[in-house]
Amino acid sequence: MLTRAVILAGGKGTRLASRLNGLPKPLVEVAGVPLLERQLLHCKAAGIRSALVLVNHLADRIAGFCRAKNNFGLDLSLADDGEPRGTAGAVLAALPLLTADEDLLIVYGDTLFNVDLERFYAAHARCGADASLFLHPNDHPRDSDLVGLNEENFIVRFLPYPHPPGAEYPNLVNAALYIVRRAALEPRRGLGEGPPRAVDFVKELFPAMLEAGQKLYGYISPEYVKDIGTPERLDAAEADMASGRFAGGTLKVARRAVFLDRDGTLNEDRGYISRPEQLTLLPGAARAVRRLNRAGLPAVLVTNQPVLARGECTEDELRAVHARLEHLLGLEGAYLDRIYYCPHHPDKGFAGERPELKIACACRKPGIGMLRRAAADMRIDLARSWLVGDRTADIQCARNAGARSILVGAGTAGEDRACDAVPDFRAENLKGAVDIILAAEGMV
Ligand SMILES: [Zn+2]
């Protein structure tokens, strides 16, 4: 069980100065409640009993605030963060204060979050990771610190900003919320020793752990985690509170989603794609996805990729194709919340095929295996969700899952005669489909 949170609350909040009225940044009010109070109460509700708040700038004000609130009923202590030790340096220096704990939740002092922490911890514990990083896609991956995962969602590389020109990376951004096994930090303490200097989690500690063969898990989640360190972000967070997007941000609450087919819906259908350069977005597709993003409706890709079973494309090549897709969307401020693909195909007898993938599976559309997986991963209520695609298999898949369907594409759309299902709606393209969805959801 996760018992201890460490909150990095030493920051000066220079960028937020106009909203602080002399307060330390962790005490900035978000919709009337100081951020530190929100963080501590959220942790407490998840069963966390102890918190160590690492402070520096205006430390007395933070101490006074916690005392006045009776420490929120927590076993709460404050310690100096040893500025300029940096985020990781501060935690490494504080390890002697944390000997009773097995795992630590690390929270940055300017992060507003609504996360099912018990679920996050269960994933961390289940995979036996030394550290688990909360990851999500964002609308500006080009200037974000990204990570690369393997098939089991363990981190295999860090891709810090700035990225090399022309690089096409998956859109997985470190949201700066971690669970770390305390004992796994002990061998790394050398990083924080010597004359005080800034040691950063992303730039130094996590890469050093990876280098040393420690296991870093990527916990991908659609939940609400935002940094509110500028006036614009603070305003956006308060708007999210007013709209219910913050309250509905946790995986404790089920959500609607929009499932999207790939070829012919998002990108041009040019037969089978096995290389990134073959993928071109359809006009207006990125803008349509961005509207879903901004409405807070998860956009989830579900695509049949029998090219894998036929041996025409490897998993690595498909990953590169999807990295390009995410890159192109990211250039226009759009992102997919998650990508699912079916690698199978039922018919045997092709040269070069991979027999282990030549099976009748439950995930190939119109099967609903991918939707079921997404529903479990992201707590999606399929009956309140949508599927947009250009084939009858998409429409039948939506019908099989109890979701609403929109057939897109002019001309040959839906003429494939593979399935009989009739779509709930038709639209010329993804933009038209998103118009229908947002109108039906009362989001326009
Ligand atoms: Zn399958």
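Structure report, in brief. Residue numbering note: each chain is counted from 1, following its sequence as written. Local features in this predicted model are restricted to residues whose pLDDT is 70 or higher, and side-chain atom pairs enter the listing and the counts only when it is 80 or higher, whereas totals over whole chains, interfaces and linings include all residues. For the side-chain quantities, the full set of heavy atoms in the structure was used; hydrogens and water were omitted.

### So, the overall build of the chain
On a plain count of helices and strands, the chain comes out with 13 helices and 19 strands. Note on method: radius of gyration uses C-alpha positions; expected globular size equals 2.2 Å times residues raised to 0.38. At 23 Å, the chain has a C-alpha radius of gyration in line with the 22 Å of a compact globule built from 444 residues. Expressed along its principal axes, the backbone C-alpha trace of the chain runs to roughly 70 × 45 × 40 Å. Within the chain, the proportion of its 444 residues that are buried is 55%. Whether two residues touch is decided by their heavy atoms; if any such pair falls within 4.5 Å, the residues are in contact. The contacts of the chain with a sequence gap of at least 6 include a subset with a gap of at least 24, amounting to 73%. Surface exposure of the chain reaches about 18,600 Å², of which carbon and sulfur atoms provide 50%. Put simply, the chain has 55 plus and 57 minus side-chain charges, and the middle of one group is 2 Å from the middle of the other. Each helix is a run of DSSP H or I of at least 4 residues and each strand a run of E of at least 2, with the numbering of both proceeding from the N terminus. In this scheme, a residue with accessible area under 20% of its type's maximum is buried, one over 50% is exposed, and one in between is partly exposed, where area comes from a 1.4 Å probe on protein chains only. To measure how exposed things are, a 1.4 Å probe is used in the Shrake-Rupley method; for residues, cover is taken only from the protein chains shown. Asp and Glu are treated as the negative residues and Lys and Arg as the positive ones, with His and the ends of the chain left uncounted. Note that the charge is assigned to NZ on lysines, CZ on arginines, CG on aspartates and CD on glutamates.

### Some thoughts on the coordination of the zinc ion
Because water is not among the atoms used, a metal site may look incomplete, as its donors are only the N, O and S atoms within 2.8 Å, or 3.2 Å for Na, K and Ca. Around the zinc ion, the donor atoms from the protein are C342 (SG), H344 (ND1), C361 (SG) and C363 (SG), and they sit 2.0 to 2.3 Å away. Geometry assignment treats four donors as tetrahedral when all angles are between 85 and 135 degrees, treats four as square planar and six as octahedral when opposite donors are over 155 degrees apart and all others between 65 and 115, and treats everything else as irregular. Given four donor atoms and angles of 102 to 117° at the metal, the environment of the zinc ion is assigned as tetrahedral. Read from N- to C-terminus, the donor residues coordinating the zinc ion fall into the pattern C-x1-H-x16-C-x1-C. Taken as a pair, H344 in the loop between β16 (338-342) and α11 (369-378) and C363 in the loop between β16 and α11 lie far apart in primary sequence, 19 residues in all. In this structure H344 comes out as buried when scored by relative accessible area, which is 13%.

### A few points about the pairing of strand β17 (residues 386-389)
Across the two faces of β17 the burial is the same, with W386 and V388 and L387 and G389 all buried. Paired strands, in this sense, are two strands between which DSSP finds at least two bridges. Strand direction decides the pairing type here: β17 and strand β18 (residues 404-408), joined by four bridges, are parallel. Pairing of V388 across the sheet is with I406, part of β18. Crossover handedness is defined by viewing with both strands directed away from the observer: a clockwise path from the first strand over the helix to the second marks the crossover as right-handed. Handedness of the β-α-β unit built from β17, helix α12 (residues 392-401) and β18 comes out right-handed.

### Here's the deal with the nonpolar core
Only buried Ala, Val, Leu, Ile, Met, Phe, Trp, Tyr and Cys residues count toward a nonpolar core, and they belong to the same one when joined by side-chain atoms within 4.5 Å. Among the nonpolar cores identified, the biggest contains 38 residues, and L36, L40, L105, L117, F134 and L177 are the most heavily contacted of them. Listed by contribution, the elements that provide at least two residues to this core are β1 (4-8), α2 (35-45), β4 (50-55), α3 (59-68), β6 (103-108), α5 (117-127), β11 (173-181) and β12 (216-220). With five residues, the top contributor of residues to this core is α5. Those residues in contact with L105, other than ones at most four positions away along the chain, are L2, R4, A5, V6, C43, I48, L117, L177, Y178 and I179. By size, the runner-up hydrophobic cluster in this structure holds 37 residues, among which are A90, L133, V199 and F206.

### Details of the environment of L133
Within the element layout of this structure, L133 appears in strand β8 (residues 131-136). Considering only alpha carbons, one finds L133 and L292, 159 residues apart in sequence, at a separation of 25 Å.

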